[in-house]
Each structure stands twice: as C-alpha cells, then as structure tokens.
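Analysis of the macromolecular model
Spelled out from the first residue to the last, the chains are:
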Amino acid sequence: MKVLTALRSPRLLTREVLAGLVVAIALIPEAIAFSVIAGVDPKVGLFSSFIMAVSIAFLGGRPAMITAATGAVALVIAPVAREHGFDYFIATVLLAGVFQILLAVLGVAKLMRFIPRSVMVGFVNSLAILVFLSQLPHLFGVPWAVYPLVALGIIIVVLLPKITTVVPSPLISIIVVTAIVMVFAIQVPTVGDQGELPRSLPELFVPNVPLTWETFTIIAPFALGVALVGLMESLMTAKLVDEITDTHSNKTRESWAQGVANILSGAFGGMGGCAVIGQTMINVKVSGARTRISTFLAGVFLLVLVVALGDFVAAIPMAALVAVMIMVSVAAFDWHSIRPSTLKRLPKSENLVMFATVLMVVSTGNLAIGVVGGVLVASVLFVRRVAHFVTVTRELTRTDRGETAYYRVEGELLFASSNDLTTQFSYTHDPGHIVIDMRRSHIWDASTVAALDAITTKYDRLGKQVEIVGMNRHTSAMHQRLSGHLGGE
C-alpha cells in the first residue's frame, strides 16, 4: 500500500495513526529497559527509538517495520559503556552505522536467500518465546491486582476485533486498564517505575574520543558486532513482514538505511538499534498498519509522549502493556509448525533445524547466534544428505584394449561425499585398464580433485592405466587446474 493511498482514505489513515500510537506506547518501557541493559541513562534508549523510527520511515526498504533501540544491540554494546565510558559508547554506535552501510554496499542482504525456511520458522517462534519471557518479570513479585488487570487486557485484545476493527484493540486495552487503575487508585507498577522520562528534546552530541588507531581497535569489534546483529535481526524481520503482508521489500536499501539510522541516532546521543519484532508485530499483525506513516508516527508519538505528556505516560500501568505483549507473542508464534501432523509430515532434519534454532536463541537471548547456528545445522544436515546421493557402479567389459573395469560415478561431488569416493574402487582386483565415467556427476571443490588424484595414484602404483571420461566443462576446467597440484599423492 502506498502512502498517498492511505492519506486519501480517512479509514486507512486512522488505522495508520492509531497503530503508530500503540507502538509508541509499547516502545517506552522497552526502550527504558534496554537502556538499563546497555548501562546508560533511560533517555538514551528513548531518543534512539525516536530518531531511528523517524529516519527509517523515510529511508527504510520495508514499509511498516519498526526500528528502535533493541535488547540484542544493548547486550553487544554494553561492555563499552561499562569499561570505556559514554563517549566511546556513542563512537561505537556511529562506527556500527558506517559498517552497516559498507556491508550493504558489499551485498550482505543477498545472503538472506541462504536462510532456510526451517530457520525462519525457528526465528519466528523463538522471538515469540523471548517476547513472552520478557514479560515474566512484570508478573512475579507484584501486587495481586496486576493479574486481573492483565487478564482484562488480554480479553479486550482478543474479543474487540470480533466487534470492530476501526480502533486497534491494543490501544483500547491500554486505555481501559489505565482508566480503571486511575479511577480506583489501584497501586500497581507503572511505566514511570521503569525509569525517569526525559523532559527535553535530543541534542547534537559529538563524542570526545581521540581519533587514533587505538580508539578504533577498542570500539571496532563491538561496532562490528552491533552492525552484524542489527542487520541480521532487521533483515529477518523484514522477511517476516514480507510474508505477512504478501509484499516484497528492498533488503539492500533496508541494510544501508539501518546504518544511516544508527549514525543519526549516535549523532544525537542515542544507543543505536535495529528492527524490533514485538512492536513490528503490533504494528503489522495486530493493528493492521501497512505504510511508512505508522512507523513515522510511532517515532513522533514517542517523543511527544515522553517529553510533553510524560506525567500521563508514567501513570500507564505495566499490566496494560504486558497484556498487549503477551498477545503479540501468541500471535507471532507459528502454532502450525509444532502440530503433531506437521512434525510427522516434515523431514526430521527440518524439524531438528527449527528446534535447534529456537533452543539457541532462547538459551543465549541472542537472535543472531540462533540464526547463524540454525543455518550451520541446516548446512551440515544438507551436506550429509547430499553425501549419500553419490553412487559408484562397477562393470567389467571387453574393449579393443582388453578387459576393462568401467566405473560410473553419479551425484554431486564435494568434500562430504568425495571423502568416501576412494573406497568405492577395487584396486587389486581390477584389470589393467580402468575407465571412470563422470557424465552424471559434478565436481564442486578441491577435495574431489584430490580424491580422484588419490585414485589414479593407487592404480599407477599397481601398474594399471586410468582414463577419466565424460567431465562437463566446469568439472573438466577445475580438474585440469588443480589435478597434481594439491600436494598429496
């Protein structure tokens, strides 16, 4: 959906505006919490969320996706603030933005095609679990009144869409629960209890760090970590929104836009961030937003709420936000993926990859580690499966050169499959002439060339002649270039 289309339709525009308001309210406690994790003042996370949401609304490649301060980035960058101070912290954010732009230019977004569906499902499910787990601290050691308030909020979120979808149900839930708490003066934890809200606008901030190689060596590892984690989460979230909305997004544009947003965030003293899955799901799946308007207004509303309406926002009970986030986690989880019928239908390797991804993400709390780990597990299982598809058949024939052992090799030959290739030949029992037919096979790496060299060498030592035939052009070129030059016998 285009921005102009939404602007011309009061119904669509209302939906985008209200979605942005709900997201802004939901961003506040998380931005404060992530600031605490990073070891900085709450305003750092709040200003970062405002700047990144507004900038990505104009620059990003995925409309309706929310970018703000995140826990994953906070975890990576936290040691900088703790060990080197706030100036180095901001310098790290700025350098992370530069790295993201460079990675975008190098085409890192194209790597998304190598992420299997099973990893994507595991990513979505683990995100839902993390969102749910992040709400548990607000449900333990709290007054008993929190529980009926959370239950009421969940009921409103679930039932209201069946009556009307004009106003997003999370917004009504927050308003109703807040009104009940205020009217009856119920003492429960509020947003204000999470940290002090800022009273002024963000200002330009120039980090006071020496521009030396030593400074670079201090911040570069953390900056690269922030860049990689941020891009991975953002691109995975963009892909998820693509599937939900049945639309395509520009991943390369999203990559460099994330970099620019981080630079702008750092320039105004923000902690940086990336796409946030929870608020994105509120925006796209729960509230039904589809354009950049909702993303832009989420940032604007966030600033207005914390600066101009800070006292009102501080009074919002955490129970209202917990109810919304619990339902976000329920809606985000792919329940179909864990049905017994689905698990039986899919190959065991697919299920293993999905569960491995979930386990790694939930156990580490780091989405990047889980996704990379899931891809590695999927790659190992794929290679293992491919290795079993290589067959070698032997046939004894008579030619004008006498008795000949004719071997037909079929399948994709790479390191996993070629390691056993040398064991498929009867070196001592074969006659003096051997033909290896490669018409139905393909060489992918040096390991296979080395295996073929080892086979011909063994036959040579027995005084037998080997003839390799049927190589395709790519296979022949690789064999000619590498054969005899790999250092083994």
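Located above this text is the structure these notes cover.
Attention in this report is confined to the structure presented alongside it. A quick note: this is a predicted structure, and the numbers were derived from the prediction, not measured. (Residues numbered from 1 in each chain as written. Predicted model: local features only at pLDDT ≥ 70, side-chain atom pairs only at ≥ 80, totals over all residues. Heavy atoms only, no water.)

**Overview of the nonpolar core**
Judged by nonpolar contacts, the single largest core of 77 residues is most densely connected at Ile-28, Leu-46, Phe-123, Val-150, Ile-282 and Leu-302. Ranked by residues supplied to this core, first place goes to helix H14 (residues 318-332) with 12 residues. Discounting chain neighbours no more than four positions away, the residues touching Leu-302 are Ala-24, Leu-27, Ile-28, Leu-46, Ser-49, Phe-50 and Leu-297. (Core = buried A, V, L, I, M, F, W, Y, C linked by side-chain atoms within 4.5 Å. Buried < 20%, exposed > 50% of the residue type's maximum accessible area, 1.4 Å probe, protein only. Helix = DSSP H or I, 4+ residues; strand = E, 2+ residues; numbered from the N terminus. Contact = heavy atoms within 4.5 Å.)

**What to know about the pattern of salt bridges**
Scanning the entire structure with this criterion turns up six salt bridges. Arg-199 serves as the salt-bridge partner of Asp-311, at 3.1 Å between the closest nitrogen and oxygen. With a gap of 112 residues between them, Asp-311 in helix H13 (residues 310-314) and Arg-199 in the loop between helix H8 (169-183) and helix H9 (213-245) connect regions that are remote in the sequence. Taking the relative accessible area as the measure of exposure, Asp-311 reaches 56% and is therefore exposed. The exposed category is assigned to Arg-199, whose relative accessible area is 56%. For the salt bridge of Asp-437 with Arg-439, the shortest nitrogen-to-oxygen distance reads 3.0 Å. The exposure class of Asp-437 is buried, given its relative accessible area of 5%. Take Arg-439: its relative accessible area is 56%, and that puts it in the exposed class. (Salt bridge = Lys/Arg side-chain N within 4 Å of Asp/Glu carboxyl O.)

**Overview of the sheet that holds strand S4 (residues 402-413)**
Across the sheet, four strands lie side by side as S3-S4-S5-S6; this open sheet has mixed pairing. Edge positions in the sheet fall to strand S3 (391-399) and strand S6 (465-469), since each has one partner strand and no second. Neighbour-to-neighbour, the strand axes of this sheet turn through a mean angle of 20 degrees, independent of strand direction. Bridge count between S3 and S4: nine bridges; the pairing is antiparallel. When the bridges of S4 are listed, Arg-394 appears paired with Tyr-407. (Pairing = 2+ DSSP bridges. Axes fitted to C-alpha atoms, helices over the stretch in contact; angles between N-to-C directions.)

**Concerning the side chain of Thr-475**
Structurally, Thr-475 can be placed in helix H20 (residues 473-482). The class of Thr-475 is buried, set by a relative accessible area of 1%. Of the polar contacts made by the side chain of Thr-475, one reaches the backbone nitrogen of Ile-443; its length is 3.1 Å. Other than its neighbours up to four places away in sequence, Thr-475 contacts Ser-441, His-442 and Ile-443. (Polar contact = N/O pair within 3.5 Å; in protein donor to acceptor, adjacent residues only side chain to side chain.)

**Topic: the pairing of S4**
Where S3 folds back onto S4 in an antiparallel hairpin, the turn is made up of two residues. When S4 meets strand S5 (residues 433-443), the two strands line up parallel, connected through nine bridges. The residue bridging Thr-404 from the neighbouring strand is His-433, located in S5.

**Side note on the packing of helix H2 (residues 10-38) against helix H12 (residues 292-307)**
Running from N to C, H2 and H12 cross one another at 50 degrees; their axes reach a closest spacing of 7 Å. It follows from the interaxial angle that H2 and H12 lie oblique. You can see that H2 and H12 cross each other, and the crossing is right-handed. Across the interface between the two elements, Leu-13, Glu-16, Val-17, Ala-19, Gly-20, Leu-21, Val-23, Ala-24, Ile-25, Leu-27 and Ile-28 of H2 pack against Ile-293, Ser-294, Leu-297, Ala-298, Phe-301, Leu-302, Leu-305 and Val-306 of H12. In terms of residue class, the contact of H2 with H12 is made up of 16 nonpolar, two polar and one charged. (Parallel < 35°, antiparallel > 145°, perpendicular 65-115°, else oblique. Left-handed = near helix turned anticlockwise from the far one by under 90°. Nonpolar A, V, L, I, M, F, W, Y, C, P; charged D, E, K, R; others polar.)

**Some remarks on helix H11 (residues 277-286)**
Buried residues dominate H11, accounting for eight of its 10 residues. Within H11, the full set of buried residues consists of Ile-277, Gly-278, Gln-279, Thr-280, Met-281, Ile-282, Asn-283 and Val-284. Considering only its buried residues, H11 is in contact with H2, helix H6 (117-133), H9, strand S2 (274-275), H12 and H14. The positive-phi residue at the C-terminal boundary of H11 is Gly-288, with phi of around 80 degrees.

**A word on the environment of Ile-338**
Locating Ile-338 in the fold gives a position in the loop between H14 and helix H15 (340-345). Residues Ile-338 and Thr-5, 333 residues apart in the sequence, show an inter-C-alpha distance of 38 Å. Non-local contacts of Ile-338, meaning those with residues more than four positions away in its chain, are made with Phe-333, Leu-343 and Met-354.

**Observations concerning the packing of aromatic side chains**
The full count for this structure, using the stated rule, is nine aromatic pairs. On the basis of an interplanar angle of 75 degrees and a centroid distance of 5.5 Å, the ring pair of Phe-58 and Phe-296 is categorised as edge-to-face. Separated by 238 residues along the polypeptide, Phe-58 in helix H3 (residues 42-59) and Phe-296 in helix H12 bring together distant segments of the chain. When the ring of Phe-86 is compared with that of Phe-205, the centres are 5.4 Å apart and the planes differ by 70 degrees; the resulting orientation is edge-to-face. You can see Phe-86 sitting in helix H5 (residues 86-105) and its partner Phe-205 sitting in the loop between H8 and H9, a full 119 residues away along the chain. (Phe/Tyr/Trp six-rings, centres within 6.5 Å; stacked < 30°, edge-to-face > 60°.)

**As for the packing of helix H4 (residues 71-84) against H9**
Running from N to C, H4 and H9 cross one another at 165 degrees; their axes reach a closest spacing of 8 Å. In terms of their interaxial angle, H4 and H9 are classed as roughly antiparallel. Judged by the twist between their axes, the crossing of H4 over H9 is left-handed. On the side of H4, the interface is formed by Ala-72, Val-73, Val-76, Ile-77, Pro-79, Val-80 and His-84, while H9 contributes Ile-218, Phe-222, Gly-225, Val-226, Val-229 and Glu-233.

**Describing the environment of Leu-309**
If you trace the backbone, Leu-309 turns up in the loop between H12 and H13. Residue classification places Leu-309 among the partly exposed residues on the basis of a relative accessible area of 41%.

**So, the pairing of S6**
In regular strands, side chains alternate between the two faces of the sheet. Bridging between S5 and S6 involves five bridges; their strand directions are parallel. Across the sheet, residue Val-435 finds its bridge partner in S6, namely Glu-467.

**A look at H3**
In a regular helix each residue adds 1.5 Å, so 18 residues correspond to 26 Å; H3 covers 26 Å between its end C-alpha atoms and thus fits that length. With 15 of 18 residues buried, H3 is to be regarded as a mostly interior element. (Expected span 1.5 Å × (residues − 1).)

**A look at a nonpolar patch on the surface**
Taken together, Met-182, Val-304, Leu-309 and Phe-312 make up a surface patch of nonpolar side chains, about 350 Å² in accessible area. Relative to the elements of secondary structure, Val-304 occurs in helix H12. Here Val-304 falls in the partly exposed class, since its relative accessible area comes to 38%. (Patch = residues over 30% accessible without salt bridge, like charges linked within 9 Å, V, L, I, M, F, W, Y side chains within 5 Å. Areas by Shrake-Rupley, 256 points an atom, 1.4 Å probe, with all protein chains shown as cover.)

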